[in-house]
Amino acid sequence: MHAGALDRDNVLRLSGQCAVNAFLGQSLFSRLPLDVSWQPKERDAFLQSLSELSIPWVGCSREGDASPDRSVAGDRESLSATRIHPIGIDQDIDVEQFQHVGAIELQLYGRPFQTPCRSERSHWCSNLPVEIFQLEQLTKKIELIRFLAQSSVAVGAAIGPLQVYEDVRFLADCGVDYVCILGTVFHRWDPAGELTLCPPESYFDSALKAARDSGTSVRVRIASDLTSPAEMHRCLREGVHAVCVDAYLAARCQSQKKSENLGSFLGYAAPQPSPSSWIRAELAQLVAELDDWNAFYHRG
Amino acid sequence: MADEPLASIHAFDLRQSSPRAILDELVARRMQSHEEHAVEQSLQFKISGASGQDFVGAGLRGVAKVSVEGSLGEFCFCSFGEGDCFIEGKVGAYFGHSMQSGILIVHGHASHSVGALARGGTIAIYGNASDRAAIGMQGADLVIRGSVGDFAGLGLQSGSLIIGGNAGKELGKGMKAGAIYIRGDAESISSDVEEQRVREPDRLKIGLVLLKAGIKSAGKDFRVYRSAKDSD
C-alpha cells in the first residue's frame, strides 16, 4: 500500500506510534513529583528543569493545583509532553487528564482508599486495581486506556520489587509497553527520605529475564538507588530501558546543603544558588555524562 | 446576530463503524465548533447495531443525548460525563466505570461491576445487576430496579446504591461511607455495615434519585445500611 492510500485511522495510528516511540526513547525519568510533597514554586521549577532536558516525570496535573500546565507560562506543551499520568489502584479514569501526556502509568501497589499499612514498606507491595479480579480484566482495562488515549501514548505499570519475574511476565501478557520496578522510593526530598525496598541486584536480572522470556517488546524501567552516571549507564547497557534520577539528585541535594554551610561568616552574605539552578545543572551534567558513556561504548 | 445554538444528530451503525469512530466524531465536532465559534448545545448521538462491542461510548463528554439500540460489551460509557444516555438492551461488565456526571439509563440487565469507581452522575439499571455493583464508587448514585448479585457496594466510598429487589452475599463489604438502600432481602450482610433508621433526608434522597432515574416510585419500604465506622 503506498503512502497516499493511508486512511485517517492509519494516519492516527502511525502518528500515535511516533509519539509512543519518542517517549520510549528517553532513558531517564523521575518519580519525585508524585511521591514527594512540594511547595508549588519548587515543584514548578523542578518540572521546568526536567522538561528542558526532556526527562519524563510521573505526576498529576489537576485544576486549581500548582500544576505546571497552568502556572508555568510558555512551555505548557513541552512540559505536558514529558508527564507520565499515574492511575492508582483505587483511582477512577478521567479522560480529561489524558490530554498532552507522554505516557499513562498504572500504579500497581499500595492499599486502596488510604487504608493504613502495617509498615512504611508494606505500602509498596504490588497490588491489583480494586475493581480487577482477573488478569483478563486488567488486559481489558489497559486496552481501554489505549482506546481513550487514542493510542498515542505509552501505557506502563509500576510495581513493587517482590516476585518481579512473575509480575513482569503477567504484565507483559496484559499488554503494557513497560514495567517500572520500584526498588527505591522517596517520601521526602533528600537522602534521609530514601526508602530502599530491595537492592537492585535482587530484582534486576529477574526483571530483564522476564521481559526476554515474555516474547513481547515490554521494556523494564527501574527506580533504584543509583547515584552515579557510571552505574546508570551500566544498567542501561545491560538492557534496562530507563533509570530513575531521584537517588542521583537526592545525593547531590545533600552535597549542596553541605557546601552552603562551610562555616564562613562571609558565606551568609554570598549569593546562594537557587534549588532550580543546581538541579538543572546536575541533571544537565548527568545527561552529558551518559552521552559521553554512550559515545565511549559505541565508538568500537 | 449572535451565533445560534446548533442542534445536530449523528447516527452511528456499529455494524459498519467501530466504537472508536464515535469518539473521533466527538473530537472532530469539538474542533469544528471551536474553529467556527459556534455554540453547539444539543449534540446528539444515535448508536444502532450494538451487539456486545466493548468500549462503546467510552470517553464521551458533552454530548447532550446518546441513545443506543442493542447490547453492549465491557467498559462501555467509561468516564462518561455531561449528558443523558439511554440504552435499549443489556450492558456488559464495568458499565459506567469512572463515570463523572450525567445520567446513564439501561433498559436491560447489567453484568458485574456496574458503576465501578464512578465519581458522579446517576446510573439506572432497569433490570438486574450481577456481582460487585457499585464497587469502589466515589460519589455517583446507582439505582438497580431489580436484584443484585454478591458483594454489592464493595468498598463503596461515597454516593448511594439503591436496590429495588434483593441482594446476594456480603452486601456492603468494605464500605467506608455513602449509603445502601434496599427494598428486598439480602442473602447476607457484611459486618462492615449496619442498618440505620430511615430518616426524612434518606426518603428525599431516594425520591430524588429515583426521579432522575426515570422511575416513578414513592420510595417507601426501603431500609438503609451505612458503614459501621461512619459516625453519621
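Shown above is the structure to which this text applies.
The model shown is predicted, which means the values in this text are computed figures rather than measured ones.

Asker: How would you sum up the overall build of chain B? Please name residues and give values.
Answerer: A count of helices and strands for chain B gives two helices and 11 strands. Each helix and strand of chain B, ordered N terminal to C terminal, gives the series β-α-β-β-β-β-β-β-β-β-β-α-β. Counting only C-alpha atoms and orienting by the principal axes, one finds that chain B spans roughly 55 × 40 × 30 Å. Taken across its 232 residues, chain B has 56% of its residues classed as buried. Within chain B, contacts between residues at least 6 apart in sequence are counted, and of these 27% link residues at least 24 apart. Side chains of chain B give 25 positive and 28 negative charges; the mean places of these two sets differ by 5 Å.

Asker: So what's going on with the interface of chain A and chain B? Which residues, and what values?
Answerer: The partner chain B presents 30 residues to the 24 residues of chain A that form the contact. Buried surface at the junction of chain A and chain B, both sides included, amounts to about 2300 Å², of which 59% is carbon and sulfur. When residues of chain A are sorted by the area they lose upon contact with chain B, Asp92, Phe113 and Phe147 of chain A head the list and together hold 28% of the total. In this assembly, chain A and chain B are joined by four salt bridges. A salt bridge links Arg61 of chain B to Asp94 of chain A, with the nearest nitrogen and oxygen atoms 3.0 Å apart.

Asker: Any details on the pairing of strand E4 (residues 103-108) of chain A? Residues and values, ideally.
Answerer: Residues in a regular strand project their side chains so that they alternate between the two faces of the sheet. All names here are of chain A. Of all six residues that make up E4, six are buried, and the element is covered over most of its length. Every second residue of E4 is oriented toward a common face, with Ala103, Glu105 and Gln107 on one face and Ile104, Leu106 and Leu108 on the other, all of them buried. Bridge analysis of strand E3 (residues 83-88) against E4 gives five bridges, and the strand direction is parallel. Counterpart to Gly88 in the pairing with E4 is Gln107. Note: E4 against strand E5 (residues 154-159), six bridges, orientation parallel. Looking at the pairing, Leu106 lines up with Ala157 of E5.

Asker: Describe the side chain of His233 of chain A, with residues and values.
Answerer: Residue and element names in this part refer to chain A. Tracing the backbone shows His233 in helix H9 (residues 229-237). On the accessibility criterion, His233 (3% relative accessible area) is buried. Looking at His233, its side chain comes within polar contact range of the side chain of Asn294, at 3.1 Å. When sequence neighbours within four positions are dropped, the list of residues in contact with His233 reads Leu290, Trp293, Asn294 and Tyr297.

Asker: Talk me through helix H2 (residues 200-212) of chain B; I want residue IDs and the actual numbers.
Answerer: Residues and elements named next belong to chain B. Between the first and last C-alpha of H2 there are 18 Å, a value that for 13 residues agrees with the 18 Å anticipated at 1.5 Å per step. Within H2, burial applies to Asp202, Ile206, Val209 and Leu210. All buried residues of H2 fall inside an arc of 100 degrees around its axis, so they share one side. In H2, the exposed residues that point more than 90 degrees away from the buried face are Pro201, Leu204, Leu208 and Leu211. Next to the buried residues of H2 lie strand E6 (122-125), strand E7 (138-144), strand E8 (158-163), strand E9 (179-182) and strand E11 (223-227). Gly214 sits one or two residues past H2 and shows a positive phi near 75 degrees.

Asker: Describe a positive patch on the surface, naming the residues involved and giving the relevant values.
Answerer: A cluster of basic residues, Arg111 and Arg118 of chain A together with Lys176 and Lys229 of chain B, forms a positive patch at the surface. Among the structural elements, Lys176 of chain B can be located in the loop between E8 and E9. Judged by relative accessible area, Lys176 of chain B falls into the partly exposed class, the value being 36%.

Asker: Mind laying out the sheet that holds strand E1 (residues 28-29) of chain A, listing which residues take part and the relevant values?
Answerer: All names here are of chain A. The strand order E1-E10-E9-E6-E5-E4-E3-E2 describes an open sheet built from eight strands, whose pairing is parallel. Sheet topology places E1 and strand E2 (57-58) at the edges, where each strand pairs with a single neighbour. Direction of pairing for E2 relative to E3: parallel, over a ladder of two bridges. Opposite Val58, over in E3, you have Ile84 as the bridge partner. Across the sheet, helix H6 (residues 135-148) touches E3, E4 and E5, and the angle it forms with E4 is around 155 degrees.

Calculation rules
Residues numbered from 1 in each chain as written. Chains lettered and ligands numbered in written order. Predicted model: local features only at pLDDT ≥ 70, side-chain atom pairs only at ≥ 80, totals over all residues. Heavy atoms only, no water. Helix = DSSP H or I, 4+ residues; strand = E, 2+ residues; numbered from the N terminus. Buried < 20%, exposed > 50% of the residue type's maximum accessible area, 1.4 Å probe, protein only. Contact = heavy atoms within 4.5 Å. Lys, Arg positive; Asp, Glu negative; His and termini not counted. Charge placed at Lys NZ, Arg CZ, Asp CG, Glu CD. Buried area = accessible area lost by both parts, 1.4 Å probe. Salt bridge = Lys/Arg side-chain N within 4 Å of Asp/Glu carboxyl O. Pairing = 2+ DSSP bridges. Polar contact = N/O pair within 3.5 Å; in protein donor to acceptor, adjacent residues only side chain to side chain. Expected span 1.5 Å × (residues − 1). Arc of directions from axis to C-beta. Patch = residues over 30% accessible without salt bridge, like charges linked within 9 Å, V, L, I, M, F, W, Y side chains within 5 Å. Areas by Shrake-Rupley, 256 points an atom, 1.4 Å probe, with all protein chains shown as cover. Axes fitted to C-alpha atoms, helices over the stretch in contact; angles between N-to-C directions.

That's the geometry; what it means functionally is another story.
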